[in-house]
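Architecture and fold: a report
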Amino acid sequence: MSINLDLKDRKLIYELDVDGFQSNFSIAKKIGLSKQVVGYRIKRLEQEKIIRKVYTILNLEKLGYYGQKVYFQLQNINEEKEKELINYFKQHNKVVWFGIYEGRYDFVVSIFDKGRVELDKTLSKILKDLQEYITDFDLTTYTNVFAFKKKYLVKQKSSELFSQFGGEEKEIELKETEKNILKILCEDARVTNTDIAENLGISIDTSIKKIKDLRKLGIIQGSRVMLDKRKMDIYEFKVLLNLKNYDPNIHNKFINFSTNNKYVVACIKTIGPWNLELDIEIPSLDLFHPLLLDLKTEFADSIKRIETLMLHDEYKYNFYPFE
């Protein structure tokens with residue numbers, strides 16, 4: 001069941017998605033409400049399960065973690081078995097994100113581990129655990145992820161680059177306190193330094209400095225809101241693109257296309273069965289076909305094949321689930 005949101009609600013969600021670390025006072029000044037009303041609206045949106053969590057985004061490559069997305073085709077699934085799979089991936093300490101899709105693939109799961117050998121072991125264990133359900137799967141490795149602001153929430157025409165992670169990175173070693181801070185922030189980006197300090201037995205000044213340093217190193221990229229988009233009448237698609245003449249210039253053109261389309265929230269360069277993924281969030285199914293037509297027209301000489309998946313729901317966002 002969808003829930004009506006006014007423009008203030010949408011602006012509030014937009015601001016939380018752009019910077020979930022900012023205070024209620026800061027948000028209030030930007031959207032023209034009082035600090036108290038902002039706090040009330042956030043609480044209401046959480047109670048209505050529209051806002052599920054505000055999570056911190058990390059560049060895990062800087063910490064020596066390698067990631068793959070696994071696209072599963074499943075068999076022998078009913079409602080009960082699907083719930084078991086959801087619970088399995090929720091509790092898995094190498095799974096950063098996963099969602100259920102309609103289309104050729106049923107589950108899409110993002111896993112990370114330290115080094116390629118360990119990543120292979122993690123994937124092999126998942127395949128063994130779920131072998132009775134898996135009929136086929138595909139793997140992609142993402143080499144660059146460009147995320148964009150959700151400008152469609154506030155009816156702006158273009159979408160600015162929000163964060164970028166991936167690429168070649170020199171591994172940064174973290175101390176135990178820094179790891180524990182990341183664990184807390186990845187569960188709740190809006191947690192206060194006071195709460196972090198009390199939880200870890202450190203001073204508030206230490207918490208502030210550690211977080212500032214993690215940002216400066218590029219490990220903390222920002223934060224986003226995990227939403228129940230179905231309650232907002234927002235449809236989410238993943239567009240998988242095979243290219244004919246892939247080169248860096250073509251990639252840059254796709255980044256430019258994504259920047260200038262308010263419904264594109266991510267452009268992901270991959271190694272695998274396809275070359276690029278676009279994540280689309282759109283408030284009407286009627287708008288999706290024209291977007292694809294624009295894509296096909298602009299890149300007529302570059303696109304070999306397009307495949308689309310429609311997101312049913314996503315169940316986890318935790319960039320630091322590791323033990």
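Up top you'll find the structure we're talking about.
Let me begin by describing the structure that accompanies this report. (Residues numbered from 1 in each chain as written. Predicted model: local features only at pLDDT ≥ 70, side-chain atom pairs only at ≥ 80, totals over all residues. Heavy atoms only, no water.)

For strand 1 (residues 51-58), the tally of buried residues reaches seven of eight residues, placing the bulk of the element in the interior. Alignment of strand 1 against strand 7 (residues 220-227), held across seven bridges, turns out to be antiparallel. Among the inter-strand pairings, Ile57 is bridged to a residue of strand 7, identified as Gly222. (Buried < 20%, exposed > 50% of the residue type's maximum accessible area, 1.4 Å probe, protein only. Helix = DSSP H or I, 4+ residues; strand = E, 2+ residues; numbered from the N terminus. Pairing = 2+ DSSP bridges.)

Here we come to the pattern of salt bridges. One pass over the full model with this rule turns up 28 salt bridges. Salt-bridge contacts for Asp228 lead to Arg52; the nearest nitrogen and oxygen are separated by 3.5 Å. Of this pair, Asp228 sits in the loop between strand 7 and strand 8 (235-243) while Arg52 sits in strand 1, and the two are 176 residues apart along the sequence. Owing to a relative accessible area of 31%, Arg52 belongs among the partly exposed residues under this scheme. Arg104 serves as the salt-bridge partner of Glu307, at 2.7 Å between the closest nitrogen and oxygen. (Salt bridge = Lys/Arg side-chain N within 4 Å of Asp/Glu carboxyl O.)

This next bit is on the environment of Tyr315. By secondary structure assignment, the location of Tyr315 is in strand 11 (residues 303-317). Classification of Tyr315 as partly exposed rests on a relative accessible area of 21%. Taking C-alpha positions, Tyr315 is 9.3 Å from Asn87, a pair spaced 228 residues apart along the chain.

Time to look at the packing of helix 1 (residues 7-18) against helix 2 (residues 24-31). It is the contact of helix 1 with helix 2, at a shortest axis distance of 10 Å, that shows an interaxial angle of 130°. As far as their axial angle goes, helix 2 and helix 1 are oblique. As for how helix 1 packs across helix 2, the hand of that crossing is right-handed. For the pair helix 1 and helix 2, the contacting residues are Lys8, Lys11, Leu12, Glu15 and Leu16 in the first and Ile27, Lys30 and Ile31 in the second. Split into classes, the residues belonging to the contact of helix 1 with helix 2 amount to four nonpolar, no polar and four charged. (Axes fitted to C-alpha atoms, helices over the stretch in contact; angles between N-to-C directions. Parallel < 35°, antiparallel > 145°, perpendicular 65-115°, else oblique. Left-handed = near helix turned anticlockwise from the far one by under 90°. Contact = heavy atoms within 4.5 Å. Nonpolar A, V, L, I, M, F, W, Y, C, P; charged D, E, K, R; others polar.)

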